[in-house]
Amino acid sequence: AGRAAQAAPPPIASVPLPQARSKRLGLAPPAHHRHHPALCPVPRPRWMRVSVKLFARGRELAGGAAGAEFELADGATTRELLAAAEERFPGLATPDFRETLVLAVNCEYVPVGGEEGEPPRVLKDGDEVAFIPPISGG
């Protein structure tokens, strides 16, 4: 009975945060709050899905796979897709296959990129890319 009652601390929700107070007053948050990860989350990369179709020798080098789906960062190019395909199917990285490879994006022939100054094609979500090996015959 001789002790003075202590006041309970305020609940966390009622404690004003510096950025909330700054926003309420129309001021910019203090410099030490502007780049804090909890207050300014890092933008996450956006992803797109691209399908690859493999034919003839490409299918053989990929262990019999007829195709695959790849998730790439938005703005990825045919060059980056080829690198991802070679990582998943190392057989595709053989020089003889790579040097003669032709790509078709949505049924339109496009350069692989990097050869003779040709820029690679920027891909979009939902694109279908065919890896077309050389065809021989008579």
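Starting from 1, residues in each chain are numbered consecutively following that chain's sequence as written. Only residues with pLDDT of at least 70 are given local features in this predicted model, and only at 80 or more are side-chain atom pairs given and counted; all residues enter the totals for whole chains, interfaces and linings. Excluded from the side-chain calculation are hydrogens and water; included are all heavy atoms of the structure.

A. Highlighting helix α4 (residues 78–88). Those residues of α4 lying buried are T78, L81, L82, A85 and E86. When α4 is viewed along its axis, its buried side chains cluster within an angular range of 135° and face the same direction. Packed against the buried residues of α4 are β1 (47–54), β2 (67–73), α5 (95–100), β3 (102–105), β4 (108–110) and β5 (128–132). Between buried and exposed lies partly exposed: a residue is buried under 20% and exposed over 50% of the maximum accessible area for its type, with that area taken using a 1.4 Å probe on protein chains only. A helix here means a DSSP run of H or I that spans at least four residues, while a strand means a run of E at least two residues long, and both kinds are numbered starting from the N terminus. As used here, the arc belongs to the directions running from the helix axis to the C-beta atoms. By definition in these notes, contact holds between two residues if any of their heavy atoms fall within 4.5 Å.

B. Examining the sheet that holds β5 more closely. Spatially, β2-β1-β5-β3-β4 is the arrangement adopted by the 5 strands of the open sheet, whose pairing is mixed. Each having just a single partner strand, β2 and β4 make up the two edges of the open sheet. Ignoring strand direction, the axes of neighbouring strands in this sheet form an average angle of 30°. Pairing between β3 and β4: 3 bridges, direction antiparallel. Its bridge partner lying in β4, V105 is registered against E108. Strands are labelled as partners when DSSP assigns at least two bridges between them. For helices, the fitted axis covers only the stretch in contact; all axes are lines through C-alpha atoms, and the angles between them, taken along N-to-C directions, range from 0 to 180 degrees.

C. Highlighting the packing of aromatic side chains. Whether two aromatic rings pair depends on their centres lying within 6.5 Å, for rings of Phe, Tyr and Trp, where Trp uses its six-membered ring; planes under 30 degrees apart make the pair stacked, over 60 edge-to-face, and the rest tilted. Tallied over the full model, the rule gives 0 aromatic pairs. Criterion for a charge above a ring: Lys NZ or Arg CZ within 6 Å of the ring centre, and within 35 degrees of the ring normal. Looking at R88, its charged tip hangs above the ring of F70, at a distance of 4.0 Å from the centre.

D. Region of the structure containing the nonpolar core. Grouped together as the largest cluster of nonpolar side chains are 25 residues, with contacts concentrated most on L81 and F131. Contributions of two or more residues to this core are made by β1, β2, α4, β3 and β5. Top contributing element to this core by residue count: β1, with 4 residues. Discounting chain neighbours no more than four positions away, the residues touching F131 are V52, K53, L54, F55, L81, L82, A85, L92, L101, V102 and L103. The criterion is simple. A nonpolar core is a set of buried Ala, Val, Leu, Ile, Met, Phe, Trp, Tyr and Cys residues joined through side-chain atoms within 4.5 Å.

E. Region of the structure containing the environment of L92. You can see L92 is positioned in the loop between α4 and α5. In this structure L92 comes out as buried when scored by relative accessible area, which is 1%. A sequence separation of 30 residues divides L92 from A62, and the C-alpha atoms of the two residues are 6.5 Å apart. Among residues more than four places away in sequence, those in contact with L92 are L54, G58, L61, A85, E86, F97 and F131.

F. Summary view of the pattern of salt bridges. What counts as a salt bridge is simple: a side-chain nitrogen of Lys or Arg found within 4 Å of a carboxyl oxygen of Asp or Glu. Applying the stated criterion across every chain, the model contains 7 salt bridges. Where R46 meets D74, a salt bridge forms, and the shortest distance between an N and an O atom there is 3.3 Å. Of the two residues, R46 is situated in the loop between α2 (31–34) and β1 and D74 in the loop between β2 and α4; the sequence distance between them amounts to 28 residues. Salt-bridge contacts for R98 lead to E86; the nearest nitrogen and oxygen are separated by 2.3 Å. Of this pair, R98 sits in helix α5 while E86 sits in helix α4; the two residues are 12 residues apart in sequence, bridging distant segments of the chain.

G. Fine view of unusual backbone geometry. Of note in the backbone geometry, A56 takes a positive phi value of approximately 45° without being a glycine. Looking at the element boundaries, A56 is found in helix α3 (residues 56–61).

H. Layout of the side chain of T78. Relative to the helices and strands, T78 resides in helix α4. Look past the residues within four positions of T78 in its chain and what remains in contact with it is L103, V105, V110, P111, V112, P120, R121 and L123.

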